[in-house]
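# Per-entry structural report
Residue-level listing of the chains:
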Amino acid sequence: MAASGEFKNKSELRVFESTDELATDLAEYISQLSENSVKESGCFTIALSGGSLISFMGKLCEAPYSKTVDWTKWYVFWADERAVAKNHVDSNYKLTKDAFLSKVSILSSHVFSINDHVTVEDAAGEYEFAIRQLVKIRTVGVSERNDCPRFDLILLGIGPDGHVASLFPHHPALELKEEWVTYITDSPKPPPERITFTLPVINSASNIAIVATGEEKAMAANLAIAGTNENSDSSSLPARMVQPTDGKLVWFLDSAAASALEVSNGGSKDAM
Ligand SMILES: O=C(O)[C@H](O)[C@@H](O)[C@H](O)[C@H](O)COP(=O)(O)O
């Protein structure tokens, strides 16, 4: 690791010289959380996003993790999904299935993909209902501060515009307080119809990781991490609104994505 450090609200920043190093550490991080959650509650609930993130999870499919992770205890969800058929090249489910799910032994009954046969509105409603049932029986934990699900880990990417999941700058979906899942029909990043966790659900997770690689993410990552201007409109940068209420946030950046970070302390980037 090139640098690491803790910053505001006990969040952690990890910067890597290469995406390969990042992927190695991300696999170890996820496997540790899985082990701890299985010990504590008998299962591991993880929500994934789309984009490059999934390729960085590839090392989990290799030794030692392929054998040491207790895959049968995993419950897989999506923090966001594009409203396309599951075999469409834009589908986050397809991306995850091809690159990850098909290579490890997660039970198919533990994979909570989003219905692609109904309208985006109905699919969002069904997905929230499914999560509510799992919260009721405590397969998914519940936040003590609100009635939100408390996923063991939510993995997010970030767009150059600072979006996370399918929560885009200035979008009214950022304001939702009661809903767990919502849908949008006007995503600036194609495809336009998407289903997404709301901020209360993201922020109720026990652990949140945001993975950013490449120079085009550098400005957004800096603004979200340094977040110096408290008075600025936070909805202009959804990633800055990721603030776990009672959990831990870890940023995984490669050196290109970390290149605009204004904070640095002898290379440790921990003066935030
Ligand atoms: O389905 C999606 O589009 C996403 O979940 C989205 O939030 C993604 O994670 C970011 O846009 C980063 O994507 P990249 O890592 O590919 O840039």
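Quick caveat, the model's predicted, so the values are computed rather than measured. (Residues numbered from 1 in each chain as written. Predicted model: local features only at pLDDT ≥ 70, side-chain atom pairs only at ≥ 80, totals over all residues. Heavy atoms only, no water.)

### Regarding the state of the cysteines
Across all of its chains, the model carries zero disulfides by this definition. Not engaged in a disulfide, the cysteine Cys43 finds its nearest cysteine sulfur in Cys148; these two sulfurs lie 18 Å apart. You can call Cys148 buried: its relative accessible area is 3%. (Disulfide = S-S within 2.5 Å. Buried < 20%, exposed > 50% of the residue type's maximum accessible area, 1.4 Å probe, protein only.)

### Some remarks on the packing of aromatic side chains
Counted according to the given criterion, the structure contains 11 aromatic pairs. Ring geometry for Phe77 and Phe151: centres 5.0 Å apart, planes at 65°, overall edge-to-face. One end of the pair, Phe77, is in strand E4 (residues 74–78); the other, Phe151, is in the loop between strand E7 (149–150) and strand E8 (153–157), and 74 residues separate them in sequence. Assigned by exposure class, Phe77 and Phe151 land together as buried. Aromatic ring contacts, followed pair by pair, group Phe77, Phe112, Tyr127, Phe151 and Phe197 into a single cluster. Positioned over the ring face of Tyr93 is Lys86, at 5.5 Å from the centre of the ring. Note that Arg132 overlies the ring of Trp180, its terminal NZ or CZ placed 3.8 Å from the centroid. (Phe/Tyr/Trp six-rings, centres within 6.5 Å; stacked < 30°, edge-to-face > 60°. Helix = DSSP H or I, 4+ residues; strand = E, 2+ residues; numbered from the N terminus. Lys NZ or Arg CZ within 6 Å of the ring centre and 35° of its normal.)

### What to know about the site of the ligand
Residues in contact with the ligand amount to 14 residues; listed here are only the nearest, Ser52, Asp80, Ala165, Lys189 and Lys217. At a separation of 2.7 Å, an oxygen atom of the ligand approaches a polar side-chain atom of His163. When isolated, the ligand has an accessible area of 420 Å², and the protein chains bury 89% of it. Here the residues of the shell around the ligand are counted per class, giving two nonpolar, seven polar and five charged. (Near = heavy atom within 4 Å. Polar contact = N/O pair within 3.5 Å; in protein donor to acceptor, adjacent residues only side chain to side chain. Areas by Shrake-Rupley, 256 points an atom, 1.4 Å probe, with all protein chains shown as cover. Nonpolar A, V, L, I, M, F, W, Y, C, P; charged D, E, K, R; others polar.)

### Description of the sheet that holds strand E11 (residues 207–212)
Strands pair in a sheet through their backbones, by hydrogen bonds, and they do so in one of two ways: parallel or antiparallel. The strand order across the open sheet built from seven strands is E1-E2-E12-E11-E8-E3-E4, with neighbouring strands paired in mixed fashion. If you trace the sheet from one side to the other, it starts and ends with strand E1 (3–7) and E4, each paired once. Direction aside, neighbouring strands of the sheet carry axes that sit 15° apart on average. Here E1 pairs with strand E2 (residues 11–16) via five bridges, running antiparallel. Among the inter-strand pairings, Phe7 is bridged to a residue of E2, identified as Ser11. Together, E1, E2 and strand E12 (248–254) form the strand contacts of helix H7 (residues 218–226), whose direction differs from that of E12 by roughly 150°. (Pairing = 2+ DSSP bridges. Axes fitted to C-alpha atoms, helices over the stretch in contact; angles between N-to-C directions. Contact = heavy atoms within 4.5 Å.)

### Quick word on unusual backbone geometry
Residue Pro64 is reached from Ala63 by a cis peptide bond, and omega for that bond is 0°. A cis amide bond, omega -5°, links Pro190 with the succeeding residue Pro191. Tracing the backbone shows Pro191 in the loop between strand E9 (181–184) and strand E10 (194–197). Here Arg138, not a glycine, exhibits a phi torsion of approximately 65°, which is positive. For Arg138, the position within the fold is in the loop between helix H5 (120–136) and strand E6 (141–142). Even without a glycine there, the phi angle at His170 is positive, about 65°.

### Points about the side chain of His171
One can find His171 in the loop between E8 and E9. Not counting residues up to four positions away in its chain, the partners in contact with His171 are Ile184 and Asp186.

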